[in-house]
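Summary of structural features
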There are 6 protein chains.
Amino acid sequence: MPEIQTPPFKNILITGAAGALGTVLRESLRPYAETLTLSDRSALGETRENERHVVCDLADRDAVFEMMKGVDMVIHLGGAPRENTFQVILDSNIVGSYHIYEAARQCGVKRVIYASSVHAIGFYECTQTIDANVPQRPDSLYGVSKTFVENLSRYYFDKFGIESVCVRIGSCFPKPVDRRMLATWLSYDDFSHLCERALMAPSVGHMVVYGNSANSANFWDNTQAAYLGFRPQDSADAYRAEVYANTPTPDPRHPAVRFQGGSFAADGHFEDPKTN
Amino acid sequence: MPEIQTPPFKNILITGAAGALGTVLRESLRPYAETLTLSDRSALGETRENERHVVCDLADRDAVFEMMKGVDMVIHLGGAPRENTFQVILDSNIVGSYHIYEAARQCGVKRVIYASSVHAIGFYECTQTIDANVPQRPDSLYGVSKTFVENLSRYYFDKFGIESVCVRIGSCFPKPVDRRMLATWLSYDDFSHLCERALMAPSVGHMVVYGNSANSANFWDNTQAAYLGFRPQDSADAYRAEVYANTPTPDPRHPAVRFQGGSFAADGHFEDPKTN
Amino acid sequence: MPEIQTPPFKNILITGAAGALGTVLRESLRPYAETLTLSDRSALGETRENERHVVCDLADRDAVFEMMKGVDMVIHLGGAPRENTFQVILDSNIVGSYHIYEAARQCGVKRVIYASSVHAIGFYECTQTIDANVPQRPDSLYGVSKTFVENLSRYYFDKFGIESVCVRIGSCFPKPVDRRMLATWLSYDDFSHLCERALMAPSVGHMVVYGNSANSANFWDNTQAAYLGFRPQDSADAYRAEVYANTPTPDPRHPAVRFQGGSFAADGHFEDPKTN
Amino acid sequence: MPEIQTPPFKNILITGAAGALGTVLRESLRPYAETLTLSDRSALGETRENERHVVCDLADRDAVFEMMKGVDMVIHLGGAPRENTFQVILDSNIVGSYHIYEAARQCGVKRVIYASSVHAIGFYECTQTIDANVPQRPDSLYGVSKTFVENLSRYYFDKFGIESVCVRIGSCFPKPVDRRMLATWLSYDDFSHLCERALMAPSVGHMVVYGNSANSANFWDNTQAAYLGFRPQDSADAYRAEVYANTPTPDPRHPAVRFQGGSFAADGHFEDPKTN
Amino acid sequence: MPEIQTPPFKNILITGAAGALGTVLRESLRPYAETLTLSDRSALGETRENERHVVCDLADRDAVFEMMKGVDMVIHLGGAPRENTFQVILDSNIVGSYHIYEAARQCGVKRVIYASSVHAIGFYECTQTIDANVPQRPDSLYGVSKTFVENLSRYYFDKFGIESVCVRIGSCFPKPVDRRMLATWLSYDDFSHLCERALMAPSVGHMVVYGNSANSANFWDNTQAAYLGFRPQDSADAYRAEVYANTPTPDPRHPAVRFQGGSFAADGHFEDPKTN
Amino acid sequence: MPEIQTPPFKNILITGAAGALGTVLRESLRPYAETLTLSDRSALGETRENERHVVCDLADRDAVFEMMKGVDMVIHLGGAPRENTFQVILDSNIVGSYHIYEAARQCGVKRVIYASSVHAIGFYECTQTIDANVPQRPDSLYGVSKTFVENLSRYYFDKFGIESVCVRIGSCFPKPVDRRMLATWLSYDDFSHLCERALMAPSVGHMVVYGNSANSANFWDNTQAAYLGFRPQDSADAYRAEVYANTPTPDPRHPAVRFQGGSFAADGHFEDPKTN
């Protein structure tokens, strides 16, 4: 990431800031804003200089609107991070994200960077190289909620001009630990770099970009997001021998092997507590 | 529609059966099922032979599950029929449709025909001919909810094998009354015909089909749904002179003229009652 | 064409009005304008009610600007109608059309319908079905000038909002007289119908549409112009037996047979008078 | 088919002339050639005026070369008409067709119309509308042999200029008798019409065209062969009620229902006699 | 650029040779021709060994024809380098380039490398990644003239076999100085390399290639020109921090920010001197 | 290639193992199998540890079936390596490959890596960048046989689940020796790497991948095979100056220069011995 002298933004909000990805950005985006507003349902530790902490539930409309005042850029990582019951997905991801976008509209936010996911298109086969324009094929209720927010953000851009970059994150972890991640792994540094580019690009309109490192194996064609200038520097290939050694030869017919969503595509969904 | 001797289905459920479209299908689909289950929030009039009436709110999970028992095919028309507050859209269209699909899965329903809408793609320009694979571009929260159900149904097919035909209905009214409807009008007979084909097609997987009559003006390329055999017989052209005479020359720059969604694309959204 | 009571336009200008196509439109578009301004380099015969005649050369900038005052719609047929020396093509088609567009901009014209030609794409093979988005492949200097105006009109729309419909006319004659015209023939009635639709469509932006009748043989996919509602009623097939009988079996390797532009693709270009 | 006065061709060879399709063309193509050479392994009945009969096996190279002398157009219907052992497919369809093309090259034949088949692409799903450029996906060894000849004919055009029209015939029978044929049925008259157009088109290069009637249900997009002018007049829809009545409701998951090739896609292949 | 021992060409003509780009090529292409013919309207300084200087106006047909004798390759950089009045664009870019191509045809030139421009497609949005086959969308009269020459050169190849490589140059300057140039910058070395490849490629037919360095941000997909082997070595990223520091945060809605053509897309056109 | 501790496969069969490519893989794939079965018509030299040698003709069905027992992965390089008479191509490439696939099915082989060739698509022009989904265009009978096996393998996957990776090898030699090879060259190391990836990829279904090194000049877009993770390390560019120096300036109109197949596209085919 280029050296930044003067923060280009007044106030960047990061939701879900207590999670692993939020923690990464909290560090790397420091030079980019006069104030970094960090939000999560749980506490965020010591408040550092220039930080503003807001503990709130995104399903709480008033709290979201209050938090959003004065913000010009949003990195929206908050919500349920994996498959859950429909009710949890509904409250955290669907209603919560609606609050973010509606508050963005009313508070004059310019751009939202949204943590979408491979699970929005998890039912494509690994052997299909897809770009960002293919119809969504979610692999879980979690994935359905990701497609909801992608479409909601498209609406907010088309009608109200709120720009969004939806990042379909592959597997953002310290290192790849299975064979699928040889394709989907996104290093923390590359994630930071991608967010920086999404913030700094002069004009983004509404874009969808895939988020993985420069792995030789790859499911995704990011050509359509070339304008962002996302050029990952890390590669899962450095871990290939280790992954080969630690994981068994996969069965090519198993859904978790065939589909881009991995185990999300293979699992049934959560038993709904209200069902009997 | 071909003459049918023996009903091919045991029990077809029509949700939203009290509306205009439900009333049309209630008549035309009679020969296709031993039992026609009609559901709405309001009463459905006299129960005719072979009909079963269920008054319920789709947001009521238990009622939906109870209603779905024994059903093999669903025509899902129910929900808020136009733009509304987010809360109404959420309850009626998002939560309600989730109940339909989850009940379909648990009750062994084979196929759902879903009344999606032009408003799922209403922010494409009229001059863009689009097919069913273009990214969704909803023009309203209503339209966002339509994209939600399209994607939810894709998930239920990919993971659980519940087939769906999502019909993006243009303007299903007795006759076209404005210049945009010269392209989007779907006659009641053509709508019935389309539903018949969606029911009877041997295998549909998950399909999206545009629903308009054989109007000479057209936004949509239905090539990808050719297998259904939908071949509309009516045309808005019969009303063209009348529409010219009754409507003023449009301003080509106005959003309601430029975009496929018409006035939905031009209007702001409902003031949310909770906002102050 | 639908019956029109009140002329929807104030003043429609037809350039090249003395030619065969101009003569056709002079009749069929009468009900569409309070004043029909007819322009050509040669005289236009008796001035009928509501007509205004302007004899001028399109290369004469001041004359064009004068003629354009008060015009709201233009049908631009004027210019050299076939291959000629570069100087003639330059003056009549390139400079002349620039005058039309620049006058349109300065005089507040809303929309131009431009008589482009198959010769803008005449070097595609007959066996290639092409749509309106393929790169242009002119077959002559005449064809190059047609691509020039298509691109010029695109510029005037993108920058100044002047709408255009560029009609790539096949072979607009009383009837098809060779085997290539079994695909390219456009009847006079169908041409009138196409111009009517291009005038009356609520919003056209910048469109390119192919102009041929409902011939069973066809080079062109007009899907992208479906919004116009152009639905030709005539067909070259009525003349197929006659054409078979009157024309020899073609040599499939001859450029005039292989290429969509026919003999234009086979001929060399005019000797430039200045060359020695 | 247009009325023909003078035969446009000298000598049209029809291979497989004793079969159902050959019998149809033997009648309909009479006016198109001075001599109609009919070939099959079995006898062809009484020799009518202008007919020349050749009984031979296409696997017999010398016989094929002898038969081809003086021929200017070939309709190649011969070979095994359905799945068989590899040895039969190899001899009849692969080696036999090589003989046809190599003889065509050496004897100066101008054009071959080849009876390819839906089984060249039988592993596409019925819900996928495909055009002629999709990768082949044969559903049987029979289908593999059809792709072989399509590619062989491409080679003979690219290198030697022998033109070919490969017709992927759906189901060419007196009438449709199952639900799949509601999409794939090709009437005898439409087949004749298609062959006439393939013969008479001025220049065909190498084309692939799907052969089915104007059925409302359809798997295929023939846009790329629009130049031929194939416009079927019959429709399986006339038999729809009859087919519904006579056939059971299909299981959408069965391969014979899901795939375009029908039962060919569902069956295993012939036990090879040499294996034990 | 690979080390060259023997000049592969007899006489390379560079038009516009006195400009910045001409000066670059005058140096880098020295080893590639026995004679380097340099042409411009202004003087070209001292004549070095193997150089031939021609001062002429491209609008002067006879001068162009005289200059072209004996030339086998042309690098056509000459003409108005930015927006100007229509008359200047017409004379310098349209008429001048016609002279180049017509002289090339009559003098037996084999290949022309033409300096087209981003302004031929300047009305695409920066967020749209485009390839070389998208319809042209010029952003200025200058850009219209660039599309004219691209189409003219297509014609000269299709009809007369004169090969052309049209290079849509982004921003060829010593270094990138604004945020748009982070995507469009083409270093002088990369420009030389691209011209070398265009000269040396065994067969180019008619190609369009985008010219920018290996910048991480990019509007263009050069896949279709992969055969040339253009692989830029420089990158605007080296100047990213500097550009961030020296330029204000852009307004994403401003045309000069939204569109690939930058300020060309935002500016109106030159007042035509003849207008009053 | 990553360091491998435990052989992931039991028994890898390499056909055509005595040839140049077989010799390369014999070395590089050693760590990947407990047993390496090497097959060819000629002797394979000294049997090294873990090797099993089988001398047989692939046209000998019983020998192939016997050899295939216990094999889990096949690298199928065997058959005629260049143009030959139809009989040789038929026996070695068509019948031989059928034996390989049918034996694979009956013996439970999981995956076949097939040495297809540029000659399967050799009639595309060098200036056309093609991906793996374009229709095949073989340049020779040899090329036709390559398309046969590609389609046969597609059938065996679609019907029987035998996975295949078809590698369209460009020019696999020690170094590039002509200008075409600047695009098509595949180094031995890159070929080994590609085979390793094809073996180790978790699930390949049926894929086609182009095989060339990281040459700057390139005909092929491998995007669709991105999942394999083939990332070549060598480049023909290292030999560019040498190739320029040793080869004459090519004639861009000659078929061997214009077409991807090089001289295969230019040559006629072998005189068939049976012809007189």
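Remember, predicted model here, so these are calculated numbers, not experimental data.

What follows deals with the interface of chain C and chain D. In this assembly, 21 residues from chain C lie in contact with 24 residues from chain D. Taken together, chain C and chain D are joined by 1 salt bridge. A salt bridge links C:Asp237 to D:Arg197, with the nearest nitrogen and oxygen atoms 3.8 Å apart. Across the side of chain C that touches chain D, the residue classes tally to 9 nonpolar, 6 polar and 6 charged.

The next thing to look at is the pattern of salt bridges. According to the stated counting rule, one finds 88 salt bridges over all chains in the structure shown. Between B:Glu51 and B:Arg30 there is a salt bridge, and its shortest N-O distance comes to 3.8 Å. With a gap of 21 residues between them, B:Glu51 in strand E3 (residues 51-55) and B:Arg30 in the loop between helix H1 (20-28) and strand E2 (33-40) connect regions that are remote in the sequence. On the basis of relative accessibility, which here comes to 9%, the residue B:Glu51 falls in the buried class. Taking the shortest distance from any N to any O, the salt bridge between C:Lys175 and C:Glu242 comes out at 2.5 Å. You can see C:Lys175 sitting in the loop between strand E7 (171-172) and helix H5 (181-184) and its partner C:Glu242 sitting in helix H7 (residues 240-246), a full 67 residues away along the chain. A relative accessible area of 32% places C:Glu242 in the partly exposed class.

So, on to the sheet that holds E2(B). Within a sheet, neighbouring strands are paired by backbone hydrogen bonds and run either parallel or antiparallel to one another. Residues and elements named next belong to chain B. The strand order across the open sheet formed by 7 strands is E3-E2-E1-E4-E5-E6-E9, and the pairing between neighbours is parallel. Of all strands in the sheet, those with a lone pairing partner are E3 and strand E9 (206-211), marking the two edges. If you compare each strand with its neighbour and ignore which way they point, the axes differ by 15° on average. Summarising the sheet, E2 and E3 pair through 5 bridges and their orientation is parallel. When the sheet's bridge partners are listed, leucine 36 is paired in E3 with glutamate 51. On the sheet, helix H2 (residues 61-68) packs against strand E1 (9-15), E2, E3 and strand E4 (73-76) and is oriented at approximately 175° with respect to E3.

Attention now goes to the UniProt feature "domain: NAD-dependent epimerase/dehydratase" (unreviewed entry) in chain A. Mapped onto this structure's residue numbering, the UniProt feature "domain: NAD-dependent epimerase/dehydratase" (unreviewed entry) falls at residues 12-173 of chain A. The span residues 12-173 of chain A shows a helical share of 36% and a strand share of 23%, and its end C-alpha atoms are spaced 23 Å apart.

Accessible area lost during the coming together of the parts is what is often quoted as the interface size. In this assembly, 38 residues from chain F lie in contact with 39 residues from chain D. For the pair chain F and chain D, the summed buried area comes to about 3300 Å², and 60% of that belongs to carbon and sulfur atoms. Applying the counting criterion to the chain F and chain D interface returns 2 salt bridges. Where chain F touches chain D, the interface holds 18 residue pairs in polar contact (both at pLDDT 80 or more). Counting residues per element, the ones that place at least two in the side of chain F that touches chain D are helix H3 (86-107), helix H4 (141-160) and helix H9 (263-266) of chain F.

Cut-offs and rules
Residues numbered from 1 in each chain as written. Chains lettered and ligands numbered in written order. Predicted model: local features only at pLDDT ≥ 70, side-chain atom pairs only at ≥ 80, totals over all residues. Heavy atoms only, no water. Contact = heavy atoms within 4.5 Å. Salt bridge = Lys/Arg side-chain N within 4 Å of Asp/Glu carboxyl O. Nonpolar A, V, L, I, M, F, W, Y, C, P; charged D, E, K, R; others polar. Helix = DSSP H or I, 4+ residues; strand = E, 2+ residues; numbered from the N terminus. Buried < 20%, exposed > 50% of the residue type's maximum accessible area, 1.4 Å probe, protein only. Pairing = 2+ DSSP bridges. Axes fitted to C-alpha atoms, helices over the stretch in contact; angles between N-to-C directions. UniProt positions renumbered as here; feature names shortened; annotations may be inferred. Buried area = accessible area lost by both parts, 1.4 Å probe. Polar contact = N/O pair within 3.5 Å; in protein donor to acceptor, adjacent residues only side chain to side chain.

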